[in-house]
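Residues per chain, in single letters:
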Amino acid sequence: MRIDVVTIFPEYLQPLRAALLGRAIERGLIEIGVHDLRDWTHDVHRAVDDAPYGGGPGMVMKPQVWGEALDDVCTERTRLVVPTPAGRPFTQELAHAYAAEEHLVFACGRYEGIDQRVVTDAARRMPVDEISIGDYVLVGGEAAVLVMVEAVVRLLPGVLGNPVSAEQDSFSDGLLEGPSYTRPEVWRELAVPEVLRSGNHALIDRWRRDQALERTYRRRPDLLDKLDEGSLDSRDREV
Ligand code: ADE
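As the structure is a prediction and not an experimental result, all values here were calculated from the model.

1. Considerations on the overall build of the chain
Of the regular secondary structure elements, the chain holds nine helices and nine strands. Against the compact-globule benchmark of 18 Å for 239 residues, the chain has a radius of gyration of 22 Å, which places it well outside the compact range. C-alpha atoms of the chain, sized along the principal axes, occupy 70 × 40 × 40 Å.

In structure tokens:
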């Protein structure tokens, strides 16, 4: 997979080369390109924004600069992602869909946004998603790109040491993951739940499922509404 990011703050994307993502690059599992939007300006000030039509606070990013940048960076195989608080929500399901793409391009705008015609024009040639990572406002799309790229890349085959960890994630079955414990058995007078030390794997699976259901009910009841009824067994309904 190839990922390109266009931004006015290329240095903000440095973490893409660290840790898990850095190892995935070294091992040839992904290629990442980070591009400075200002390289596509033609004026001495290297201006990328202008006042909004209709008035109001803030500045809007100019369509000409973005148009040329995307013409150069995108190909016939690109899926373009534009992070914006006005987008549809990023989810684990979307992370899986992106992990199956050949080429993702992220266009980072400042939060007042990019001239909407840039999205309209790009959508004439490629799939374009305007995506929000949550109901809060960031200064620009860069931090959102770090979040999305990490969520996507860890799903690629060979990136995680143990592929089962991606399969057992929170959300993979529509529930939050329950608590985990390691040694010692008792720490600061707190004991690891007995069942986890029982060696009875059927019982352990049932306990983990109950914990996931309870935690989801307490913290994210909205997720339970979205659960497919068929995925619940009779014991689940008791929890
Ligand atoms: N840019 C600013 N806020 C954002 C958000 N919540 N999600 C994605 N991009 C953003």
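The structure having been displayed, the exposition proceeds.
2. With respect to the sheet that holds strand S7 (residues 128-132)
Hydrogen bonds between backbone groups are what pair the strands of a sheet, and the pairing can be parallel or antiparallel. Across the sheet, which stays open at both edges, the five strands sit in the order S2-S1-S6-S5-S7 with parallel pairing between neighbours. Since the sheet does not close on itself, it has two edges, and those belong to strand S2 (31-36) and S7, each with one partner. Taken over all neighbouring pairs, the strand axes of this sheet differ in orientation by 25° on average, direction set aside. Alignment of strand S5 (residues 78-89) against strand S6 (residues 103-107), held across four bridges, turns out to be parallel. Opposite Leu80, over in S6, you have Val105 as the bridge partner.

3. Description of the confidence of the model for the chain
Taken over all residues, the pLDDT of the chain has a mean of 94, while the share at 70 or more is 99%. Interface confidence for the predicted complex, expressed as ipTM, amounts to 0.98; the pTM equals 0.93.

4. A look at the UniProt feature "binding site: S-adenosyl-L-methionine" (unreviewed entry) in the chain
On the UniProt side, "binding site: S-adenosyl-L-methionine" (unreviewed entry) is annotated at positions that read Gly109, Ile133, Gly134, Asp135, Tyr136, Val137 and Leu138 here. Here Val137 shows up in the loop between S7 and helix H5 (142-153). Setting aside anything within four residues of it in sequence, one finds Val137 in contact with Pro85 and Tyr111. When you line up the elements, Leu138 lands in the loop between S7 and H5. Judged by the 17 C-beta atoms lying within 10 Å of it, Leu138 falls in the partly exposed class.

5. Digging into the site of the ligand
Around the ligand, the neighbouring residues are Pro83, Thr84, Pro85, Tyr111, Ser132, Ile133, Gly134, Tyr136, Val137, Leu138, Gly141 and Ala144. Here the shell around the ligand gets three residues from one element, more than from any other, and that element is S5. Of the residues assigned to the shell around the ligand, the class counts are eight nonpolar, four polar and no charged.

6. Examining the pairing of S6
The side chains of a regular strand alternate, first on one face of the sheet and then on the other. Of all five residues in S6, four are buried, a share of seventy percent or more. Bridge count for strand S1 (residues 2-7) against S6 is five bridges, and the pairing is parallel. Each residue of the ladder has a partner; that of Arg2, found in S6, is His103. With respect to chirality, the unit in which S5 leads through helix H3 (residues 92-99) into the neighbouring parallel S6 is right-handed.

7. Considering unusual backbone geometry
For the peptide bond that leads from Arg183 to Pro184, omega is 5°, which places it in the cis range. Looking at the secondary structure, you find Pro184 in the loop between helix H6 (163-167) and strand S8 (186-187). Residues other than glycine seldom take positive phi values, yet Ala19 does so here, at roughly 50°. With respect to the helices and strands, Ala19 occurs in helix H1 (residues 19-26). With 10 C-beta atoms counted inside 10 Å, the residue Ala19 sits in the exposed group. A positive phi is found at Arg188, a non-glycine position, where the angle reads about 50°. Mapping Arg188 onto the fold places it in the loop between S8 and strand S9 (190-191).

Thresholds applied
- Residues numbered from 1 in each chain as written.
- Predicted model: local features only at pLDDT ≥ 70, side-chain atom pairs only at ≥ 80, totals over all residues.
- Helix = DSSP H or I, 4+ residues; strand = E, 2+ residues; numbered from the N terminus.
- Rg over C-alpha atoms; globule rule 2.2 N^0.38 Å.
- Pairing = 2+ DSSP bridges.
- Axes fitted to C-alpha atoms, helices over the stretch in contact; angles between N-to-C directions.
- pLDDT = per-residue confidence, 0-100.
- UniProt positions renumbered as here; feature names shortened; annotations may be inferred.
- Contact = placed C-beta atoms within 7 Å.
- Buried ≥ 20, exposed ≤ 12 C-beta atoms within 10 Å, placed from the backbone.
- Near = placed C-beta within 6 Å.
- Nonpolar A, V, L, I, M, F, W, Y, C, P; charged D, E, K, R; others polar.
- Right-handed = clockwise from strand over helix to strand, strands pointing away.

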